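Summary of structural features
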Amino acid sequence: MRVVIDHLAGSRRGQRQEFPAGKRVRFGRHPECEVSFDPHRDIDASSRHAELRVVDAGWVLVDLGSSNGTYAEGHRVTESPVARGIPVSIEFGPGGPRIRLFVGDDKEIEALPPAPVELSRPSWVVPAIVGGVVLVVIILAALTC
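Not measured: the values here are computed from a predicted model.

Cut-offs applied
Residues numbered from 1 in each chain as written. Predicted model: local features only at pLDDT ≥ 70, side-chain atom pairs only at ≥ 80, totals over all residues. Heavy atoms only, no water. Pairing = 2+ DSSP bridges. Helix = DSSP H or I, 4+ residues; strand = E, 2+ residues; numbered from the N terminus. Axes fitted to C-alpha atoms, helices over the stretch in contact; angles between N-to-C directions. Salt bridge = Lys/Arg side-chain N within 4 Å of Asp/Glu carboxyl O. Buried < 20%, exposed > 50% of the residue type's maximum accessible area, 1.4 Å probe, protein only.

**Some words on the sheet that holds strand S10 (residues 88-92)**
Strands sit in the order S2-S1-S11-S10-S7-S8 across an open sheet of six strands; the sheet is antiparallel. Edge strands, defined here as strands with exactly one partner in the open sheet, are strand S2 (16-20) and strand S8 (75-77). Strand-to-strand, the axes of this sheet are offset by a mean angle of 30 degrees, without reference to chain direction. Here four bridges tie S10 to strand S11 (residues 98-104), and the two strands are oriented antiparallel to one another. Paired with Glu-91 across the strands is Arg-98, a residue of S11.

**Notes on the pattern of salt bridges**
Pairs can form between side chains of opposite charge once their charged atoms are near each other. Within this structure, the stated rule accounts for 10 salt bridges. When the shortest N-O distance is used, the salt bridge between Arg-2 and Asp-106 registers 2.6 Å. Here Arg-2 is found in strand S1 (residues 2-9), whereas its partner Asp-106 is found in helix H1 (residues 106-111), with 104 residues between them in sequence. Accessibility expressed as a relative area gives 53% for Asp-106, which makes it exposed. The shortest N-O distance in the salt bridge between Arg-84 and Glu-108 comes to 3.1 Å. A residue pair is termed long-range when its members are at least 10 positions apart, and Arg-84 in the loop between strand S9 (79-82) and S10 and Glu-108 in helix H1 qualify at 24 residues. With relative accessibility at 41%, the residue Arg-84 sits in the partly exposed group. Three or more residues are tied together by salt bridges with common partners; here these are Arg-2, Glu-18 and Asp-106.

Here it is as structure tokens:
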């Protein structure tokens, strides 16, 4: 039994990590976390954001008091059960790093479809578009005067 982490968005986008399912897995920007996000680029994630814990009959994802919250399937959670064989989308802060979390055996992991990795857009695209629109408005205003 293993825990599979597919990074869908954030600085580790496109990477996969695997861990034994019998121990906790910590998420955050702190380098001691098993799933460690970039401390400079993934600023929506806290240093010690959340952890996957082993409980009696399975696993639970627990938010560790993060400032931006932990979201499971789009809903903010403080604790969320994680069922074996069912992939769960987890986001660390709105717009922060996003992963697909999966717990299963080798056969279930092999049957898991490829992770839907988000396309990244360069950080200059939105400011460039806004700047272009502002420039056009200024030119049009100058021409009508």
